[in-house]
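Summary of the model geometry
Here is what each chain is made of, one letter per residue.
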Amino acid sequence: MIRLQSCRKAYAKETQRTVAPEETLERARAKLPAAGITRIADITNLDRIGIPVFSSIRPTAEAGAISVYNGKGATPIEAEVSAMMEGIERYSGEMADREIVTGRYSEVSAERTALDPADLILPERVPADMVVPWVEGYDIVQGEEVLVPAHAVFHPLPVTCGRLFRTNTNGLASGNTLEEATFHALMEVVERDAWSLVEVTKKTGPRIEGVTDGLAADLLAKFAAAGVEVTLRDITSDTGIPTVAAVADDVVLKDPTLLTIGMGSHTSAGIAVLRALTEVAQSRLTQIHGAREDTDTADVRKRIGYERTKRLNRHWFAENGSVEFAAMPSFDSDDFLTDIDRVTGRLATSGLSRAIVVDLTRPEIGIPVVRVIVPGLEVYAMDQDRIGGRCRDARNRRLPRSQL
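Just so you know, these numbers come straight off a predicted model, no measurement behind them.

1. Examining the overall build of the protein chain
When helices and strands are counted, the protein chain shows 10 helices and 16 strands. Relative to its length of 404 residues, the protein chain is compact, with a C-alpha radius of gyration of 20 Å against a globular reference of 22 Å. In terms of overall dimensions, the protein chain has a C-alpha envelope of 60 × 60 × 45 Å along the principal axes. Considering the protein chain as a whole, with its 404 residues, one finds that 56% of them fall into the buried category. Here the protein chain contributes 48 positively and 58 negatively charged side chains, and the mean placements of these two sets differ by 6 Å.

And the structure:
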């Protein structure tokens, strides 16, 4: 059973942690061999932007997973920490020797509380009551233990487990504490949901103006100096949790693979902006470095060229009005539990009544890793075979009545 407690923050720049990056770095570095991570590399200079990006290399990754993971940050130490923690997350998120229960939903739910797989937005071709593996999680909203399909927890999943849907890493996060990891995981599922709503409606939200000082302005200046045009967009969904997209267009190279997007969600609008900016820098370097999971998309973009790729993604470059950064709603606190309660409260206003946490912390590592599942939040941007009610409702509101 998971019991979240008050958890004070000690670091708050482009991300938030319970201890300084130096301490997180020391903890993570000591656990790299146990996670199979053999090397950490600074790849910042592969790009001309100068925003720090590091990579971690893990040759022992399970079949079906990549073995190079990138991490970003506004400072080199935070980017290095990010890469290490990403590698530890991926190691901890594999199934390995985990204890599971196998059966149909109708069978397991007769004996224990279980999450109906249909609540996870299934591809249409999946049978309603197929045999799947299950793992125990804890619903921090309802305050109860609940079995969830292993497909929503582990990545990758052995083919012997069946094909409920394609596994992914959405909602997989690490932290110095369980609360820190849980909050970061919540922010990721909120972010992917907001992104999915944009991709369905092609409505990218207003351009964010007025970022004129501080760390975000410094990062924007680095992009501008390198001839990379970056547009910030407010894509906050009905949950009201600040979500920002940073859209980058390399007008010097005009490389279609470098038409990249970075996303950031956070209760603090300022950190959402910073996370989007550092992620779009990471997205560029992921393409340049070749450590990417969407090789098919990159290959297609190369074939069709820069101009056509930009036209296909023109919604990200359209004029949709503007909003001043200072006017964006923001919630800032000094405690992760306060933020978690804020987020689950906001999700509830959108009819999302569950937030399930699966503790994936490996005993040989000891660094908290969780998978957070919020049934009903969308993943369409990652998996277009899965489109749920939120996306359908948003698309229907967007279309003229004659097209419905």
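From this point, the narrative continues.
2. Here we look at the sheet that holds strand 3 (residues 39-42)
The 3 strands are arranged 3-4-5 in an open sheet whose pairing can be described as antiparallel. Looking along the sheet, the strands with just one partner apiece sit at the ends: strand 3 and strand 5 (68-72). Pairs of neighbouring strands in the sheet enclose a mean axial angle of 25°, with direction left out of account. Bridge count between strand 3 and strand 4 (residues 53-57): 4 bridges; the pairing is antiparallel. Considered in strand 4, the bridge of Ala-41 is made with Ser-55. Relative to the sheet, helix 2 (residues 76-92) contacts strand 3, strand 4 and strand 5, its axis offset from that of strand 5 by approximately 145°. Against the sheet, helix 6 (residues 269-289) contacts strand 4 and strand 5, and its axis sits at roughly 145° relative to strand 5.

3. Regarding the nonpolar core
Generally speaking, nonpolar side chains in soluble globular proteins are found buried as a group. Grouped together as the largest cluster of nonpolar side chains are 40 residues, with contacts concentrated most on Ile-88, Val-148, Val-153, Phe-154, Leu-164, Leu-360 and Ile-373. Elements supplying a minimum of two residues to this core: helix 1 (21-31), helix 2, strand 7 (132-139), strand 8 (144-149), strand 15 (356-359) and strand 16 (369-373). A total of 5 residues in this core trace back to one element, the largest contributor, which is helix 2. Discounting chain neighbours no more than four positions away, the residues touching Val-153 are Gly-93, Val-135, Val-148, Val-358, Leu-360, Arg-371 and Ile-373. One finds Ile-2, Phe-183, Val-190 and Ile-241 within the second-largest nonpolar core, a separate group that totals 25 residues.

Basis of the calculations
Residues numbered from 1 in each chain as written. Predicted model: local features only at pLDDT ≥ 70, side-chain atom pairs only at ≥ 80, totals over all residues. Heavy atoms only, no water. Helix = DSSP H or I, 4+ residues; strand = E, 2+ residues; numbered from the N terminus. Rg over C-alpha atoms; globule rule 2.2 N^0.38 Å. Buried < 20%, exposed > 50% of the residue type's maximum accessible area, 1.4 Å probe, protein only. Lys, Arg positive; Asp, Glu negative; His and termini not counted. Charge placed at Lys NZ, Arg CZ, Asp CG, Glu CD. Pairing = 2+ DSSP bridges. Axes fitted to C-alpha atoms, helices over the stretch in contact; angles between N-to-C directions. Contact = heavy atoms within 4.5 Å. Core = buried A, V, L, I, M, F, W, Y, C linked by side-chain atoms within 4.5 Å.

Any functional reading would require information beyond the geometric quantities listed.
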